[in-house]
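Spelled out, the chains give:
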Amino acid sequence: AICKKGGGKLTEGPDLHFLRNIGKGLKKTTNWWVGFSDLETEGTYVRESDGKEVNLTKYFAPGEPSSKKEHCLEMRYDEGMKLNDKNCDISDAFEKTFLPLCQKSLAPKNKGISFI
């Protein structure tokens, strides 16, 4: 919903290696919310945009995913942009711990992608 306000979506990028480089390049000491979750089936992560299953195992921080109550994912700054499962409930405090990393197509049929 947050990214949709700007005409985009939570980023899924072409792959997680690419997204980690984007996160590191933004020069902010924050965690980034990305567009994958296991809301439908615990432990099976999918892209939020189309529900396609993705294997993210090698991108998780040590000990993650850690909770059956946390279904969304963030790239953690203090873990070298490795993934952490996070509660999907957006509260007033979420901007203090992680920010959405949004992407928006600038050209028809996704020929160009910009991160906002």
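Here the structure is shown first, and the text comes after it.
Conventions we followed
Residues numbered from 1 in each chain as written. Predicted model: local features only at pLDDT ≥ 70, side-chain atom pairs only at ≥ 80, totals over all residues. Heavy atoms only, no water. Helix = DSSP H or I, 4+ residues; strand = E, 2+ residues; numbered from the N terminus. Buried < 20%, exposed > 50% of the residue type's maximum accessible area, 1.4 Å probe, protein only. Contact = heavy atoms within 4.5 Å. Areas by Shrake-Rupley, 256 points an atom, 1.4 Å probe, with all protein chains shown as cover. Polar contact = N/O pair within 3.5 Å; in protein donor to acceptor, adjacent residues only side chain to side chain. Salt bridge = Lys/Arg side-chain N within 4 Å of Asp/Glu carboxyl O.

## Overview of the overall build of the protein chain
Helices and strands together make up the secondary structure of the protein chain, namely two helices and eight strands. Element order for the protein chain, N to C, with α for helix and β for strand: β-α-β-β-β-β-α-β-β-β. With 116 residues in all, the protein chain has 37% of them scored as buried. Across the protein chain, every contact between residues at least 6 apart in sequence was considered, and the portion connecting residues at least 24 apart equals 54%. About 7200 Å² of surface is accessible on the protein chain, with carbon and sulfur atoms providing 49% of the total.

## Here's the deal with the environment of Glu70
Inspection of the secondary structure assignment puts Glu70 in the loop between strand S3 (46-47) and strand S4 (72-76). The exposure class of Glu70 is partly exposed, given its relative accessible area of 23%. Taking the C-alpha atoms as reference points, Glu70 and Asp85, separated by 15 residues in sequence, lie 5.5 Å from one another. In contact with Glu70, not counting residues within four places along its chain, are Asp38, Asp85, Lys86 and Asn87.

## With respect to the environment of Asp78
Mapped onto the elements, Asp78 comes out in the loop between S4 and strand S5 (82-86). Of the polar contacts made by the side chain of Asp78, one reaches the side chain of Arg76; its length is 2.6 Å.

## Quick word on the pattern of salt bridges
Within this structure, the stated rule accounts for three salt bridges. Here Asp50 and Arg47 are joined by a salt bridge, their closest N and O atoms 2.4 Å apart. Across the pair Asp78 and Arg76 runs a salt bridge, and its minimum N-O distance is 2.6 Å. On the basis of relative accessibility, which here comes to 24%, the residue Arg76 falls in the partly exposed class.

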